[in-house]
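# Structural characterization, general
Below are the chains, spelled out letter by letter.
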Amino acid sequence: MPLPAAMRSSMLRGRCNLFLPFAARCSQAGGGGGGGCSLLLPRRWQSSLPQLDHVADSMRVNVLRRSNEESGGEIDWDNLGFGLTPTDYMYVTRCSPEDRGDFPRGELCRYGNIELSPSSGVLNYAQGLFEGMKAYRRPDRAGYTLFRPEENARRMQRGAERMCMPAPSVEQFVHAVRQTVLANRRWVPPQGKGALYLRPLLVGSGPILGLAPAPEYTFLIYAAPVGNYFKEGLAPINLVVHDEFHRAMPGGTGGVKTIANYAPVLRAQMDAKSKGFTDVLYLDSVHKRYLEEVSSCNVFVVKGGVVATPDTRGTILPGITRKSVIELARDRGYKVEERLVSIDDLVAADEVFCTGTAVVVAPVSTVTYQGERYEFRTGPDTVSQELYTTLTSIQMGMAAEDSKGWTVAVE
């Protein structure tokens with residue numbers, strides 16, 4: 001028998017709505033629809049949920065003020081790589097059958113481990129999605145800049161539909177990202193030293209034994225300060241084409257950012273790195289002659305002033321940086337083609353570069369295919385450098401004007 005609403009509300013005030021460690025503490029973050037920790041789990045699930053106390057209002061104010069005023073620990077900002085540096089808070093909310101597909105208002109909880117049922121949908125059937133985005137410190141005024149966060153929200157919604165999951169609204173997603181930035185603002189690197197990387201996750205956290213959608217879902221966002229993705233920094237990278245392993249196949253999930261797409265590339269990637277390459281460039285799984293993408297970024301080739309990139313036909317992730325670079329290239333007078341790009345197009349190219357949230361715009365110095373190494377133009381007078389400069393000036397808030405309305409201020 002369902003509990004009366006008043007009793008259910010009273011019980012929920014003492015429980016955070018995510019599986020979190022005993023030491024965690026939560027604070028209201030606002031946004032979304034509904035209110036507070038609105039999830040009441042069936043009794044048989046509750047044994048794995050630790051009891052949590054909410055941060056008192058006065059303590060919450062002090063904690064957030066400390067987050068505002070303190071610097072990010074002992075970080076060497078000049079040598080910041082792309083790795084996990086634990087920060088202060090993460091945003092969490094959960095959606096149960098009682099919520100009818102709408103995520104309730106989320107909370108800021110202390111960053112820490114989470115607990116999941118051994119039979120959760122994400123652990124057993126990889127029912128999960130993630131996004132990647134960055135917040136930059138503004139150069140000449142207070143606050144921070146996000147780059148096209150609504151695009152990440154919409155991509156998560158498309159992925160959620162493919163993976164039979166509910167997803168937060170665009171408004172709740174963007175609000176949650178902003179709250180996460182503000183709560184971890186002391187970890188945003190100084191201007192020009194890096195960015196605060198944000199990782200929104202949507203996972204099937206409810207227990208399920210048979211192959212079916214999970215009964216409940218968790219949406220969370222954590223953050224970490226990062227520098228350059230590749231160890232080469234801003235230097236050109238070296239790729240190898242792999243024609244034995246494939247990242248995706250027609251009819252699969254290559255076109256959405258599901259967690260299941262990434263572990264399968266690890267073997268090929270580790271093999272490439274052991275041989276001195278930066279990463280792997282994958283071919284299509286049917287003809288084995290058309291470019292798809294690198295392990296975690298899209299690829300472009302330039303020939304005679306024409307910029308070409310593989311068309312996203314279900315096996316290639318529609319990158320947000322990719323979409324932005326295409327628009328910027330056309331604005332600057334380049335002809336841009338989204339089409340099948342063959343290995344022959346690649347070896348005949350003048351330039352090759354990759355795009356992605358983590359890598360931004362990364363020039364490619366060489367590509368090795370079937371034992372043959374092909375070299376490409378890099379340096380200051382290249383299309384990739386021109387697009388990198390244009391894009392990053394917008395992302396970092398250095399452009400005189402964001403005429404495209406791509407940035408969102410966080411203050």
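Since we're looking at a predicted model, the values are computed, not measured.

Rules used throughout
- Residues numbered from 1 in each chain as written.
- Predicted model: local features only at pLDDT ≥ 70, side-chain atom pairs only at ≥ 80, totals over all residues.
- Heavy atoms only, no water.
- Helix = DSSP H or I, 4+ residues; strand = E, 2+ residues; numbered from the N terminus.
- Buried < 20%, exposed > 50% of the residue type's maximum accessible area, 1.4 Å probe, protein only.
- Contact = heavy atoms within 4.5 Å.
- Areas by Shrake-Rupley, 256 points an atom, 1.4 Å probe, with all protein chains shown as cover.
- Expected span 1.5 Å × (residues − 1).
- Pairing = 2+ DSSP bridges.
- Axes fitted to C-alpha atoms, helices over the stretch in contact; angles between N-to-C directions.
- Parallel < 35°, antiparallel > 145°, perpendicular 65-115°, else oblique.
- Left-handed = near helix turned anticlockwise from the far one by under 90°.
- Nonpolar A, V, L, I, M, F, W, Y, C, P; charged D, E, K, R; others polar.

### Observations concerning the overall build of the protein chain
Along the protein chain, the regular secondary structure elements total nine helices and 18 strands. Expressed as a percentage of its 411 residues, the buried residues of the protein chain come to 53%. For the protein chain, restricting intrachain contacts to residue pairs at least 6 apart in sequence, the fraction spanning at least 24 positions comes to 74%. Accessible area for the protein chain stands at about 18,300 Å²; split by element, carbon and sulfur atoms hold 51% of it.

### A closer look at helix 5 (residues 170-183)
A rise of 1.5 Å per residue sets the reference length of helix 5, with its 14 residues, at 20 Å; its end C-alpha atoms lie 20 Å apart and thus fit the reference within 8%. The buried count for helix 5 comes to 10 of 14 residues, which makes it a mostly enclosed element. Listing the buried residues of helix 5 in full gives Val170, Gln172, Phe173, Val174, Ala176, Val177, Thr180, Val181, Leu182 and Ala183.

### A word on the pairing of strand 7 (residues 195-204)
On a regular strand, one side chain projects to one face of the sheet and the next to the other, so that they alternate. Within strand 7, 10 of the 10 residues are buried, which leaves it mostly tucked inside the rest of the structure. In this sheet, strand 7 lies alongside strand 4 (residues 128-130) in antiparallel orientation, the contact comprising three bridges. Among the inter-strand pairings, Leu129 is bridged to a residue of strand 7, identified as Leu202. Judged from the three bridges that link them, strand 5 (residues 133-137) and strand 7 form a sheet pairing that is antiparallel. Pairing of Lys134 across the sheet is with Tyr197, part of strand 7. Here strand 7 runs beside strand 8 (residues 217-226); their pairing, made up of 10 bridges, is antiparallel. If you follow Leu201 over to strand 8, its bridge partner there is Leu220.

### Some words on the packing of helix 7 (residues 320-331) against helix 9 (residues 383-395)
At a minimum axis distance of 10 Å, the contact between helix 7 and helix 9 shows a crossing angle of 115 degrees. With respect to helix 9, the element helix 7 is oriented roughly perpendicular. Handedness of the helix 7/helix 9 crossing: right-handed. Here helix 7 contributes Thr321, Ser324, Val325, Leu328 and Ala329 to the contact with helix 9, which in turn contributes Leu387, Thr390, Leu391 and Ile394. Counted by class, the contact of helix 7 with helix 9 contains six nonpolar, three polar and no charged residues.

### Things to note about helix 7
Along its 12 residues, helix 7 runs 17 Å from first to last C-alpha, staying within 8% of the 16 Å computed at 1.5 Å per residue. Looking at helix 7, one finds that the buried residues are Ile320, Thr321, Arg322, Ser324, Val325, Ile326, Leu328 and Ala329. Backbone geometry just after helix 7 places Gly333 at a positive phi near 95 degrees.

### Quick look at unusual backbone geometry
Trans is the common state for peptide bonds, and a negative phi is the common state for residues other than glycine. Positive phi, close to 55 degrees, is recorded for Arg100, a residue that is not glycine. When you line up the elements, Arg100 lands in the loop between strand 2 (89-95) and strand 3 (106-110). The phi dihedral of Gln370 is positive, around 50 degrees, even though this residue is not glycine. For Gln370, the location among the structural elements is in the loop between strand 16 (360-369) and strand 17 (372-375).

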